[in-house]
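# Structural characterization, general
In case you want the letters, here they are:
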Amino acid sequence: VSIVNEERNEVILSYLKQELSDNYFRDWKISRVIWKAGELKIHEASPLIEKFVHSEDEFEQYAAIKVLTDLGYEKANFSIFQVYKNQGVFDKSGRAAIAYFVKLFDIGHSYVREIIDATINGLDEEIANAIRSGDKAKVWEALSNYIHNDGMIPNLFYCLYVVSFREQILREVLVSFLNKMPLKVDTFQSIRYILKMSEIVSDYEFYALMNKRISLSRPAYSGSWTYTDQGYVDVDVEKRKKDTSLAFSGKTKNYLSKDAYKKLVTLSHKDKDLYIQVAKALLCSLDDKLDQEKEEVQYLWDYDWETRRSSTRKLNYPKYASFQSLMYVIYGSSTRFQKSKTKWFYEGEQLSMKDTPREELFPELWDSKGNDVLDVLANSKSDVASMFALKIINDNPAILVNADLGILSKLILHPNPEVTDLIIDTIKNQYLHKQPESILVATLLASKNESAFELGYNWMQQYEADYFSDSSFLTFIIFINNEKLRSKLLEIYKDELQYQTDIDFEQFEELYKSTADHDLDLVSGITELIMGSHLGIKLQDFPAEKIEELLINPLATKRLLAAALSAANKVSTYDLTKDYISYYLEAEEPELRKIGILLLSTYPEEYLRSSAKQIAEYCFSPYDEVRLAIQPTIERLINLDQDFKVSLQSKLLGVIIEPETAPGVHQSSYEVLTKYYGEDLPDLNEADIINLILSKYEFAQKLGTPMFKKRVDLKNLPLIEVSNIAKTDVQEIRESIIAYFKNDTSRINYELEHALRIFNSEWKDVRALAATYFDENIQTENWTVDLILYVCDHTQDDVQAFGRKLVTKLFKEETGVELLLRLQEHPSKSMQFFTTNFLQTQAQDRPEVILKLDHFLKTTLFNINENAATKKRVYQFIKEESIKDQNVAKMAVDILNSVLATSTMKDKDESIDILLNIHEKYPEIKIPVTLKPIEN
């Protein structure tokens, strides 16, 4: 075999020499000869191949650079760098030159530095500056802003990929963007370039990611015509344009997917160790949340014309069925799977991956690659990848036993509960007789898995002194967002510093250096620890200049942390925060408002006095946490300043009896008053107390009721005020008013006019009890016409009814006419009907009285379809009295003339009947009715 290989190599070398001496006349293209030299790893051909780097044939030039890269030939660096300089990133040979330098030379090499610097300088200025800053969050923001604008350069992400070999912060950002980026004209070019370069430089993470995106993405077009921003276009015509709007066709997708699959199959036979590395990258590229792949089922119906029977085939497509390279890795040894042009499937009953045996290619090889299997499991973001690794580990439990702490930590924090449960059992067994490392316990405490957390928590308690003496451990767990753990820390450091461990300030840099926002609950918890325990003392030497950086940061979490660090610092809180306090007090975030008030409470007396008026307004803030947090500061001011105490009490009382400006303001005002002024509020007079119990609001009544019962004597109040108090919503006070009336009947009789004001209460029970009381206890002679009419004129129906009862009960002949004339003005229908009772007795045969009833009679008759009984009485009264006196008859004609235009037919009949009677009695009075003689 070796003799054959030597002869073959000699042939290849001779072909290359012949071409260089212009003696090559074979049909086999020289570019293919170069590729063959690379495929056969003929290193002695490298000097000959270098001479083709500047070939005018683009295929020869590209092949030469690519093969020299594969052969690791570094002596061609000057020649290849000239290709890059002349052709740049927009030419495939220029891109091959970049791959050559990235793969073969250190990142500090002068040519590599120049390439990357030039690439950065060619980027959008905002993106370039963000990369130079070294801040990942700034890079993310700049890139996000850029891609949403028109005019993005098609090879942007390829250029970023080149830069990422030196600027590592770009790598994670790129993975995130490329995992979600749609494959269209301004992005697919970069995807294809990155695919090729990552293959050349053996960057398996990006190679796998690009393959996944191509395999899973829908092609932008597949037919002869497709729709673009310019409308429908002919694909063949559009593709020939230099600035074509087309990218990623169905044909391209199938070609690239098939090519990657073929290369993986070839690799699996030629280099199994390298195959494992590529397979591992393919598995780790999966991300269920982003990929959104699902299992599918397809039914096919077959018809047998000979038997005339049909049968059904059930085709099952697993998740990622169209990712053929991945399918080869997972199901490469399966006998049940079949492969179509684009997908893998199996027939029959649908089976989950968990319930099937291992079907991967080379299972024995994977059994020996424990670290690689653990890498897959630790970095998997898909159930498919997790299950692939778990099945291997279940067959080889020793793999977990040999896992290092870094891998164990990743597995503990794994989102798949099956992974966490598996690792917990292993960890328990490993540490039955020895103390776990602090980093392992800290990771368990950070886990969202309840079993993992409890295991770590128990170990933390068991070896508390050891772990809390470790600075890294203490600092790490401070950053864990877990309520139980936080409570434990508060308990340990509540009264004293039990452990003199320092906090690692550098770990706090993640919170103040990064421009990214952090979880608000997490930072709130850290703030609670700093301000609510002696842990704050450990941060008293935190650099003041770093706190100032946080204070001016626009992000809420940064300023929240700044406030806590300010409160703990040796520099006074006032000096650190006085210029920023308004931001906290007026912030949208409740956590900031609350901590701002706490900062304010520590400020010196002089500041509080000078700002007392503004501080008092926070008692009425629309935010609950502000009103609660301001109370200690209010207490200080009340004790410092008597004038402030008086003015605030007045303000609080005014607020509590008026409508609430925000939910909870009444309650917090009540709490301030009772807490800092005493429940009896000794400075309040009777008028203030009465205002409280007359308020319509709960906490004003709650405050005023006990003081009213203790300090207000009804005997000393004007009776009109006593009656007015019956308006209160407080039932026991209303009952006390009625009880007082019953106990002092003589005063009520004497001041009946004021006592009747009790009817103004909105409470029906008060009015009912008052009516009964007045009916039974008021002497007849005390009821004047004015007082009776006051009751009758009341707006409430039940009071009017009592008034009518009084009129009937106390009616006297000598006051009858006066009552009749006064009652006729009452607008209510029930009172009008009641008034008609007195027409016969007080107005009959008395024209001088009847003429004064003009308004009453007209108003009653104008009520269409209402008060039929009242109108009937009025019509009858007019009919009888109008023929007794000519002046009354004239008044009746005027009334009926007005009524005729608006009345019903029945009313018209009544009116005409009366008018005819008047005409017959007084022919000289003109009536609004035309009389015609009856014809024979």
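Residues numbered from 1 in each chain as written. Predicted model: local features only at pLDDT ≥ 70, side-chain atom pairs only at ≥ 80, totals over all residues. Heavy atoms only, no water.

We now examine the overall build of the chain. Scanning the chain from terminus to terminus reveals 59 helices and 6 strands. Look at the contacts in the chain between residues 6 or more apart in sequence, and 66% of them connect residues 24 or more apart. Total accessible area on the chain is roughly 46,900 Å²; 48% of this is exposed by carbon and sulfur atoms. (Helix = DSSP H or I, 4+ residues; strand = E, 2+ residues; numbered from the N terminus. Contact = heavy atoms within 4.5 Å. Areas by Shrake-Rupley, 256 points an atom, 1.4 Å probe, with all protein chains shown as cover.)

Under the defined criterion, the tally for this structure stands at 42 aromatic pairs. Three or more aromatic residues joined by ring pairs form one cluster here, namely Tyr261, Tyr275, Tyr328, Tyr331, Phe337, Trp344, Tyr346 and Phe362. Between the NZ or CZ atom of Lys484 and the centre of the ring of Tyr457, over which it lies, the distance is 4.5 Å. (Phe/Tyr/Trp six-rings, centres within 6.5 Å; stacked < 30°, edge-to-face > 60°. Lys NZ or Arg CZ within 6 Å of the ring centre and 35° of its normal.)

Read across the open sheet, the 4 strands follow the order E3-E4-E6-E5; overall the sheet is antiparallel. With partners counted over all chains shown, the strands left at the sheet margins are strand E3 (296-304) and strand E5 (337-339), one partner each. Averaged over all pairs of adjacent strands, the angle between their axes in this sheet comes to 35°, without regard to strand direction. One ladder, built from 3 bridges, connects E5 with strand E6 (residues 344-347); its direction is antiparallel. Along E6, the bridge assignment pairs Phe337 with Tyr346. In the packing of helix H18 (residues 324-331) onto the sheet, contacts are made with E5 and E6, and the angle to E6 comes to roughly 50°. (Pairing = 2+ DSSP bridges. Axes fitted to C-alpha atoms, helices over the stretch in contact; angles between N-to-C directions.)

One number sums up the size of the second largest pocket: a volume of about 1,000 Å³. Around the second largest pocket sit 26 residues that line it, and Lys66, Asp70, Glu199, Leu267 and Lys270 are the ones nearest its centre. Secondary structure elements with two or more residues in the lining of the second largest pocket: helix H2 (30-39), helix H4 (58-71), helix H12 (188-200), helix H13 (204-216), helix H15 (250-270) and helix H16 (272-284). Considering each element in turn, the lining of the second largest pocket owes the most residues, 7 residues, to H15. (1 Å grid on protein atoms, 1.4 Å probe; cavity = no way out; pocket = protein on both sides within 12 Å on 5 of 7 lines; lining within 4 Å. Points joined across faces, edges and corners; volume = space filled by probe spheres on them.)

Turning our attention to the pairing of E6. Of the strand pairs in this sheet, strand E4 (residues 309-317) and E6 are connected by 2 bridges, and their pairing is antiparallel. Along E6, the bridge assignment pairs Asn316 with Tyr346. Connecting the antiparallel pair E5 and E6 is a turn made up of 4 residues.

Moving on to the packing of helix H5 (residues 77-87) against helix H6 (residues 92-104). Contact pair H5 / H6: the axes reach a minimum separation of 8 Å and the direction vectors enclose 135°. Compared by their axis directions, H5 and H6 come out oblique. As H5 runs across H6, the sense of the crossing is left-handed. Facing H5, whose interface residues are Asn77, Ile80, Phe81, Val83, Tyr84 and Gln87, H6 presents Ser93, Gly94, Ala97, Ile98, Tyr100 and Phe101. By residue class, the composition of the contact of H5 with H6 is 8 nonpolar, 4 polar and no charged. (Parallel < 35°, antiparallel > 145°, perpendicular 65-115°, else oblique. Left-handed = near helix turned anticlockwise from the far one by under 90°. Nonpolar A, V, L, I, M, F, W, Y, C, P; charged D, E, K, R; others polar.)

The subject of this paragraph is the pattern of salt bridges. The tally for this structure, following the rule as stated, stands at 37 salt bridges. Between Lys696 and Asp729 there is a salt bridge whose closest N-O contact spans 3.4 Å. Taken together, the positions of Lys696 in the loop between helix H43 (686-694) and helix H44 (698-711) and Asp729 in the loop between helix H45 (719-725) and helix H46 (731-743) put the pair 33 residues apart, joining distant regions of the chain. Judged by its relative accessible area of 24%, Asp729 is partly exposed. Asp765 is the partner of Arg734 in a salt bridge, and the nearest nitrogen-oxygen pair spans 3.4 Å. On the criterion of sequence distance, the pair formed by Arg734 in helix H46 and Asp765 in helix H49 (residues 764-777) is long-range, its members being 31 residues apart. Accessibility expressed as a relative area gives 5% for Arg734, which makes it buried. By relative accessible area, which is 32% here, Asp765 ends up partly exposed. Here the residues in one salt-bridge network are Lys196, Glu199, Asp259 and Lys263, joined through shared partners. (Salt bridge = Lys/Arg side-chain N within 4 Å of Asp/Glu carboxyl O. Buried < 20%, exposed > 50% of the residue type's maximum accessible area, 1.4 Å probe, protein only.)

Moving on, we come to unusual backbone geometry. Phi at Asp22 takes a positive value of approximately 65°, unusual for a residue other than glycine. Relative to the elements of secondary structure, Asp22 occurs in the loop between helix H1 (2-20) and H2. Residue classification places Asp22 among the exposed residues on the basis of a relative accessible area of 62%.

Before going further, it helps to examine empty space enclosed by the protein. In this structure the tally under the stated criterion is 3 cavities of 30 Å³ or more. Its boundaries defined by the atoms lining it, the largest cavity holds a volume of some 60 Å³. The wall of the largest cavity is formed by Ile330, Tyr331, Met353, Thr356, Pro357, Arg358, Glu359, Glu360, Phe388 and Lys391. Residue composition of the lining of the largest cavity, by class: 5 nonpolar, 1 polar and 4 charged.

Positive charge collects at one region of the surface, where Lys258, Lys262, Lys339 and Lys341 lie side by side. For Lys339, a relative accessible area of 41% corresponds to the partly exposed category. (Patch = residues over 30% accessible without salt bridge, like charges linked within 9 Å, V, L, I, M, F, W, Y side chains within 5 Å. Lys, Arg positive; Asp, Glu negative; His and termini not counted. Charge placed at Lys NZ, Arg CZ, Asp CG, Glu CD.)

What follows concerns the packing of H6 against H12. Two elements in contact, H6 and H12, have axes whose closest approach is 9 Å; the angle formed by their N-to-C orientations is 35°. For H6 against H12, the interelement crossing comes out right-handed. Where H6 approaches H12, its residues Arg95, Ile98, Ala99, Val102 and Lys103 are matched on the opposing element by Tyr193, Met197 and Ile200. By residue class, the composition of the contact of H6 with H12 is 6 nonpolar, no polar and 2 charged.

In this sheet, E4 lies alongside E3 in antiparallel orientation, the contact comprising 9 bridges. By the bridge assignment for E4, Val297 is matched with Asn316. Where E3 folds back onto E4 in an antiparallel hairpin, the turn is made up of 4 residues, including Arg308, whose phi is positive at roughly 55°.

Let's shift gears to the side chain of Ser198. Relative to the helices and strands, Ser198 resides in helix H12. Apart from the residues lying within four places of it in its own chain, the contact partners of Ser198 are Tyr161, Asp203, Phe206 and Tyr207.

Time to look at the side chain of Gln800. Relative to the helices and strands, Gln800 resides in helix H51 (residues 797-810). Look at Gln800 and you get buried, because its relative accessible area is 4%. A distance of 2.7 Å separates a polar atom in the side chain of Gln800 from the backbone oxygen of His794. (Polar contact = N/O pair within 3.5 Å; in protein donor to acceptor, adjacent residues only side chain to side chain.)

A separate point is a nonpolar patch on the surface. Together, Val297, Tyr299 and Trp301 give the surface a local cluster of nonpolar side chains, amounting to about 360 Å² of exposed area. With respect to the helices, strands and loops of the structure, Tyr299 is situated in strand E3. Under the relative-accessibility criterion, Tyr299 is labelled partly exposed at 45%.

Turning to the nonpolar core, a few remarks are in order. The nonpolar side chains of a soluble globular protein tend to be buried, and buried together. By size, the foremost hydrophobic cluster in this structure holds 269 residues, and its most contacted members are Phe741, Phe774 and Trp783. Once you skip the residues sitting within four places of it in the chain, Phe741 turns out to touch Leu719, Val722, Ser723, Ile748, Ala755, Ile758, Tyr773 and Phe774. (Core = buried A, V, L, I, M, F, W, Y, C linked by side-chain atoms within 4.5 Å.)

Turning next to the confidence of the model for the chain. Summing up the model confidence of the chain, the mean pLDDT is 86 and the portion of residues at 70 or higher is 88%. When mean pLDDT is compared element by element in the chain, H18 scores highest at 97, while helix H52 (residues 813-823) scores lowest at 54. (pLDDT = per-residue confidence, 0-100.)

So, on to H44. The end-to-end C-alpha separation of H44 is 20 Å, in line with the 20 Å expected for 14 residues at 1.5 Å each. For H44, the principal kink sits at Gly704 and spans about 30°; a proline, Pro706, occurs within the next four residues. In this fold, the buried residues of H44 make contact with helix H41 (642-656), helix H42 (665-676), H43, H45 and H46. (Expected span 1.5 Å × (residues − 1). Bend = angle between axes of the 7 residues up to and from the residue.)

Turning next to the environment of Lys702. Along the chain, Lys702 falls in helix H44. Taking the C-alpha atoms as reference points, Lys702 and Leu692, separated by 10 residues in sequence, lie 8.4 Å from one another.

What follows concerns the environment of Pro604. Mapped onto the elements, Pro604 comes out in the loop between helix H36 (590-600) and helix H37 (605-610). The class of Pro604 is partly exposed, set by a relative accessible area of 30%. Separated by 31 residues in the primary sequence, Pro604 and Thr573 have C-alpha atoms spaced 9.9 Å apart.

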